[in-house]
Amino acid sequence: MTTVSDKRSPSAHSVLTRRDLLQRAGWIAAAAGVPGSARLFAQDVSPVMTKLSAYMSEARSRAMPDKAMDETKHHILDTVAAMISGTELPPGQRAMQFARSYGGDKVATIVGSRLLCGPIEAAIVNAELAHSDETDDYHAVGGAHPGCSIVPATLAAAEQFDIDGMTFVRAVALGYDIGLRVLKTVGDGTFVRDTHNMVGTFGSTAAAGCAAGLSAQQTRWLLDYAAQQAGAGLGSWRRDTDHMEKGFVFAGMGARNGITGVLMVQSGWTGVEDVLSGPDNFIQSYSPKADATILIDKLGERYEVIGTTIKRWTVGGPIQPPLDALEQLLKRHPIEPDQIKQVVVRAATSSAYTVDNRDMPDICLQHMVAVMLIDKTVSFKAAHDKPRMKDPAVLRLRAKVQLVPEAELERLLPKRVAIVEITLTDGTKLMERVEAVRGTPENPMSRDEIVTKSRDLINPVFGESACNALIEKILNLEKVTSIRELRPLLQKA
């Protein structure tokens, strides 16, 4: 439930309620220096904030359903694998250099290295590692990438406060619940043009706050700091061809914001008691027509991590359905590249724009389709082999691939649907339409598939033995007495 002022933008013609007048009088009195008036107003907490902050502060000791527990561990594994593979990509390497030059207290692990840093620096670096590539998870609503920010922030807080594995899992799950609910609350009408940092900031804040064991009141202050930091929403990252700024916007910035807010509040900083109501509140400022009760809708019943997609292929999201379609076609109709006359891929118009003839292999649809038709699969190595974009065999096949933007498929978003049509040299026509991408909630990957993907990312960096030990530990996090036990498994020998 929200106050009247939560649901409309202030205007000169608004009808003021008694509550509005009292609130405004409180602010005027506070500005005039009336003793105690500001404190009195700050303690006026809405029912939504009361329920939300109580739920968040109690999450570290609340049991989770088995399905939510398993899915959270899968997303942790998927994100850690993305971090490790990211150490060998340019954005990850620059992040490592930042860690070496910045220094800081030796508290938290930099994944895939022997480096230790302070929790803020570790959160930034590990998050950048997690989104150095396109291997991390995503949510259909708003195109959010929650894991690459939430998991690194939680890991940094977990090492800082020395929590056990079960608490770590619950904290990560809470991060998904809060980050994605904030997006669903204000996303449609938000003034912020790009919401990736919003999801990362609120999700990382919630997860790190849970790891720190903050009280309900501290959690309310913490949400205030999250709201103040969540507004960076420039879409200019789309012009970043090196994936470095994109990694910071999608992951590093939110992780940094979350752990910073937690450390400040944990050390005694205070803030506004309810940033969801009252003058200049978060809802009014970001999306005046939004309903704040969405933030608490089915908390403890619907776990947002279950609705988040783990990518089957280590490429950009819009390329996932065409690769699924090709895999299915090739299973039914084994064909060789020299049999192909033409390939037509039909995709949503916005998806086509994102992946049309890009100069990075893992987000270039035409290139990845050609690689899939030659290799019969797409590995992490193949998706990042930039020199192969000049391979004559790949270029010949790529020239036969046509990407067609379809307004009809655009209307189906956020559901990503793609149609692949192959015409063979003998005139045979093959067609496959993918409605539910592998890894989505409608067509989830099995644990074995997730482990297989993780091995493809971890093995080349850590080796098979260390990879197996790390996977085993993450899939049994509920048995870990201290998250610091993961450090030797996360470090590169």
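Residues numbered from 1 in each chain as written. Predicted model: local features only at pLDDT ≥ 70, side-chain atom pairs only at ≥ 80, totals over all residues. Heavy atoms only, no water.

**A closer look at the overall build of the chain**
Scanning the chain from N- to C-terminus turns up 21 helices and six strands. For a compact globule of 493 residues, the expected C-alpha radius of gyration is about 23 Å, and the chain comes in at 24 Å, within 12% of that figure. Buried residues in the chain amount to 57% of all 493 residues. For the chain, long-range pairs separated by at least 24 residues make up 76% of all intrachain contacts whose partners lie at least 6 apart in sequence. Taken as a whole, the chain presents about 20,100 Å² of accessible surface, with 53% of it coming from carbon and sulfur. (Helix = DSSP H or I, 4+ residues; strand = E, 2+ residues; numbered from the N terminus. Rg over C-alpha atoms; globule rule 2.2 N^0.38 Å. Buried < 20%, exposed > 50% of the residue type's maximum accessible area, 1.4 Å probe, protein only. Contact = heavy atoms within 4.5 Å. Areas by Shrake-Rupley, 256 points an atom, 1.4 Å probe, with all protein chains shown as cover.)

**Some details on the confidence of the model for the chain**
Taken as a whole, the chain shows an average pLDDT of 89; of its residues, 90% reach a score of 70 or greater. At the low end of the mean pLDDT range in the chain sits helix α1 (residues 18-31), at 41; at the high end sits helix α3 (residues 47-58), at 98. Overall, residues 1-42 carries pLDDT values under 50, and its contacts beyond four positions in sequence, including any with other chains, amount to 51 contacts. (pLDDT = per-residue confidence, 0-100.)

**Overview of unusual backbone geometry**
The residue after leucine 413, namely proline 414, is reached through a cis peptide bond having omega 15°. Relative to the helices and strands, proline 414 is located in the loop between α18 (407-410) and β5 (418-424).

**Some thoughts on the packing of helix α10 (residues 216-229) against helix α11 (residues 244-266)**
Across the interface, α10 lies against α11 with an axial gap of 9 Å and an inter-helix angle of 140°. As far as their axial angle goes, α11 and α10 are oblique. Along this stretch, α10 crosses α11, giving a crossing that reads as right-handed. On the side of α10, the interface is formed by Gln218, Trp221, Leu222, Tyr225 and Gln229, while α11 contributes Asn257, Gly261, Val262, Met264 and Val265. (Axes fitted to C-alpha atoms, helices over the stretch in contact; angles between N-to-C directions. Parallel < 35°, antiparallel > 145°, perpendicular 65-115°, else oblique. Left-handed = near helix turned anticlockwise from the far one by under 90°.)

**Overview of the packing of aromatic side chains**
Going through the model one piece at a time under the given rule, you end up with four aromatic pairs. Between tyrosine 225 and tryptophan 269, the aromatic rings sit 6.2 Å apart at their centres with planes inclined by 65°, giving edge-to-face as the arrangement. Of this pair, tyrosine 225 sits in helix α10 while tryptophan 269 is found in the loop between α11 and α12 (282-286), placing the two residues 44 residues apart along the sequence. Overall, the relative accessible area of 45% leaves tryptophan 269 in the partly exposed class. A network of ring pairs unites the aromatic residues Phe202, Phe282 and Tyr286 as a single cluster. One Lys or Arg, arginine 62, reaches over the ring of tyrosine 55 and ends 3.8 Å from the middle of that ring. In this structure, lysine 246 is placed above the aromatic ring of phenylalanine 250, and the distance from its NZ or CZ to the ring centre is 4.2 Å. (Phe/Tyr/Trp six-rings, centres within 6.5 Å; stacked < 30°, edge-to-face > 60°. Lys NZ or Arg CZ within 6 Å of the ring centre and 35° of its normal.)

**A look at the pattern of salt bridges**
Applying the stated criterion across every chain yields a total of 26 salt bridges. A salt bridge links glutamate 304 to lysine 184; the shortest N-O distance between them is 2.8 Å. Here lysine 184 lies in helix α8 (residues 165-186) and glutamate 304 lies in the loop between α12 and α13 (320-332), a separation of 120 residues in the sequence. Given the relative accessible area of 2%, glutamate 304 is considered buried. Exposure remark for lysine 184: the relative accessible area of 29% places this residue in the partly exposed category. Residues joined by salt bridges that share partners form a network here, namely Asp177, Arg181, Lys184, Asp297, Arg302 and Glu304. (Salt bridge = Lys/Arg side-chain N within 4 Å of Asp/Glu carboxyl O.)

**Topic: helix α9 (residues 196-212)**
Spanning 17 residues, α9 covers 24 Å between terminal C-alpha atoms, matching the ideal 24 Å at 1.5 Å per step. Just past α9, the residue glycine 213 takes up positive phi, approximately 70°. (Expected span 1.5 Å × (residues − 1).)

**Some details on the environment of tyrosine 55**
With respect to the secondary-structure elements, tyrosine 55 resides in helix α3. Along the chain, tyrosine 55 and serine 101 lie 46 residues apart, while their C-alpha atoms are 39 Å from each other.

**Side note on the state of the cysteines**
All chains considered together, the criterion is met by zero disulfides. Cysteine 148 forms no disulfide, and the closest cysteine sulfur to it belongs to cysteine 117, at a distance of 19 Å. Taking the relative accessible area as the measure of exposure, cysteine 148 reaches 0% and is therefore buried. (Disulfide = S-S within 2.5 Å.)

**Things to note about the environment of leucine 323**
As for its position among the elements, leucine 323 is in helix α13. In this structure the C-alpha to C-alpha distance between leucine 323 and lysine 376, which are 53 residues apart in sequence, comes to 9.9 Å. Filtering out sequence-adjacent residues up to four positions away, leucine 323 remains in contact with Trp313, Val315, Met368, Met372 and Val378.

**Details of the sheet that holds β5**
Sheet strands pair via backbone hydrogen bonds, and the direction of the pair is either parallel or antiparallel. Pairing in this open sheet of four strands is mixed, and the strands run β4-β3-β5-β6 from one edge to the other. The sheet is open, and its two edges are formed by β4 (401-406) and β6 (429-434), each paired on a single side. Neighbour-to-neighbour, the strand axes of the sheet open up by a mean angle of 15°, direction not taken into account. Sheet topology places strand β3 (residues 340-348) next to β5; six bridges connect them, and they run antiparallel. Counterpart to isoleucine 340 in the pairing with β5 is leucine 424. (Pairing = 2+ DSSP bridges.)

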